[in-house]
Amino acid sequence: THFVDFELTKTASVGFTRRHKPDPGRPGHTRPTLVIAGQQIKPSKSHKYIGVIHDQELRFHDYAQYTYGKGSYTLRSCNYMYLCRLYLLVTVPQMLYAVDVWGALSLTLNADKTGYTRRHSGLVKKLSRIQRQVSTQALRAMFSTATDMLDAHANLLPLPLLVNKLCTCLAVRMSTLPKAHPLCTVVQKSAKCLIKHHQTPLHHLMHGFEIDPPSTETVLSVRRSPRLPSPFTMIVSEDSERAVLNEEDNTALIKVFSDGSVLEGGVGGAAVLVEGDWVTWQSLRVHLGSKEEHTIFDAENVGLVLALEL
């Protein structure tokens, strides 16, 4: 219907299973070669799909090796002064791509079968070596320095905690999907019940971080719709005399005055809230800095912000 043609040369056949014992009913049986439109598709043990290498056991060992090599290559040709910045901006997005699929907390049933143990996979521990290499080179520290000390002095979050942070954000984002989204029903179903066998990454995300989509509260970013009329009345006088006359004629119970100015080389803004006949009032003021660093427009904006705060 969309006039899309499949590229047979890029088609792969992978049998996903973790069973190592052969089928006793079919001794010597191997996976057959598929033939589509005369094109032979031989079975393979892994295939790269949407940037992630999927092996037939879904353990992602090949992808971890690929990611480790890519991260190490990026860091070899970099100055130590910009190493941490390059690591956070380039290497981390490359390493932790699709981390919710392969790097989420794994739930293992306890020996007494009373609960689950949450632990990270060996892939996260292997990728932690790259962050240790970054912090060691950036700080010019000794190789015997403890990893937690290196992360603290380099101002880097430990990689397991960084993985937890990203997975939590992704899980919360999926729990707030609208009902019309095709993944909404799947996410809610995975969060409702934790199955014993064939757990998916969605089960690990929702139950590993204890996220319940039905109990998620939706908070609007604004209190009022921008289409509604403003509840405030703004008056901008032409000059100081007109401002005094407008203030005397205004009978509102609450009044807020704001202004920004440049005085003696300094830039700042202020706001005053008056209730009644100047009986009770509050004020806020901020000094931004010198006029070489700020303009009068910055001062006016600060005055409006202070007025809204009051």
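A few points on the structure. This is a predicted model, so every value here is computed, not measured.

### Quick notes on helix α7 (residues 184-192)
So, point 1. Of all the positions in α7, only Cys-184, Val-187, Ser-190 and Ala-191 are classed as buried. Projected onto a plane normal to the axis of α7, the buried residues spread over an arc of 135 degrees and lie on a single side. Across from the buried face of α7, at angles greater than 90 degrees, the exposed residues are Thr-185, Lys-189 and Lys-192.
So, point 2. Where the residues of α7 are buried, they touch α6 (159-175) and α8 (201-208).

### Observations concerning unusual backbone geometry
So, point 1. For Glu-210, which is not glycine, the phi dihedral falls at a positive 55 degrees.
So, point 2. For Glu-210, a relative accessible area of 64% puts it in the exposed group.
So, point 3. With a phi angle near 55 degrees, Glu-264 is a residue other than glycine that sits in the positive phi range.
So, point 4. Position of Glu-264 relative to the elements: it lies in the loop between β7 (254-263) and β8 (266-275).

### Description of a nonpolar patch on the surface
So, point 1. Taken together, the side chains of Tyr-49, Ile-50 and Tyr-97 define a hydrophobic patch exposed on the protein surface, amounting to about 350 Å² of accessible area.
So, point 2. Checked against the element boundaries, Ile-50 lands in the loop between β3 (46-49) and β4 (52-55).
So, point 3. With relative accessibility at 56%, the residue Ile-50 sits in the exposed group.

### Here's the deal with the packing of helix α2 (residues 83-95) against helix α4 (residues 122-139)
So, point 1. Two elements in contact, α2 and α4, have axes whose closest approach is 11 Å; the angle formed by their N-to-C orientations is 170 degrees. On the basis of their axis angle, the class for α2 and α4 is roughly antiparallel. Together, Leu-83, Cys-84, Tyr-87, Thr-91 and Met-95 of α2 and Leu-127, Ile-130, Gln-131, Val-134, Gln-137 and Ala-138 of α4 make up the contact between the two elements.
So, point 2. Class assignment for the residues of the contact of α2 with α4 results in eight nonpolar, three polar and no charged.

### Section: the packing of α6 against α8
So, point 1. The N-to-C vectors of α6 and α8 enclose an angle of 100 degrees; their axes lie 10 Å apart at closest approach. Classed by the angle they form, the pair α6 and α8 counts as roughly perpendicular. Along the contact surface, α6 presents Cys-167, Ala-171 and Met-174, while α8 presents Leu-202, Leu-205 and Met-206.
So, point 2. Counted by class, the contact of α6 with α8 contains six nonpolar, no polar and no charged residues.

### Considering the packing of aromatic side chains
So, point 1. For the structure on display, the rule yields one aromatic pair.
So, point 2. Relative to Tyr-66, the ring of Tyr-63 has its centre 6.4 Å away and its plane inclined at 40 degrees; by these criteria the two rings are tilted. Linking Tyr-63 with Tyr-66, this pair stays in helix α1 (residues 61-76), spanning three residues, or about one helical turn.
So, point 3. Residue Tyr-63 is classed as buried on the basis of its relative accessible area of 2%.
So, point 4. Using a relative accessible area of 32% as the deciding quantity, one classes Tyr-66 as partly exposed.

### Side note on the side chain of Lys-255
So, point 1. In this structure, Lys-255 sits in strand β7.
So, point 2. Relative accessible area serves as the criterion here: at 11%, Lys-255 is assigned to the buried category.
So, point 3. Residue contacts for Lys-255: discarding those within four places in its chain leaves Glu-247, Asn-250, Val-272, Leu-273 and Val-274.

Parameters at a glance
- Residues numbered from 1 in each chain as written.
- Predicted model: local features only at pLDDT ≥ 70, side-chain atom pairs only at ≥ 80, totals over all residues.
- Heavy atoms only, no water.
- Buried < 20%, exposed > 50% of the residue type's maximum accessible area, 1.4 Å probe, protein only.
- Helix = DSSP H or I, 4+ residues; strand = E, 2+ residues; numbered from the N terminus.
- Arc of directions from axis to C-beta.
- Contact = heavy atoms within 4.5 Å.
- Patch = residues over 30% accessible without salt bridge, like charges linked within 9 Å, V, L, I, M, F, W, Y side chains within 5 Å.
- Areas by Shrake-Rupley, 256 points an atom, 1.4 Å probe, with all protein chains shown as cover.
- Salt bridge = Lys/Arg side-chain N within 4 Å of Asp/Glu carboxyl O.
- Axes fitted to C-alpha atoms, helices over the stretch in contact; angles between N-to-C directions.
- Parallel < 35°, antiparallel > 145°, perpendicular 65-115°, else oblique.
- Nonpolar A, V, L, I, M, F, W, Y, C, P; charged D, E, K, R; others polar.
- Phe/Tyr/Trp six-rings, centres within 6.5 Å; stacked < 30°, edge-to-face > 60°.

On their own, these measurements won't tell you what the molecule is for.
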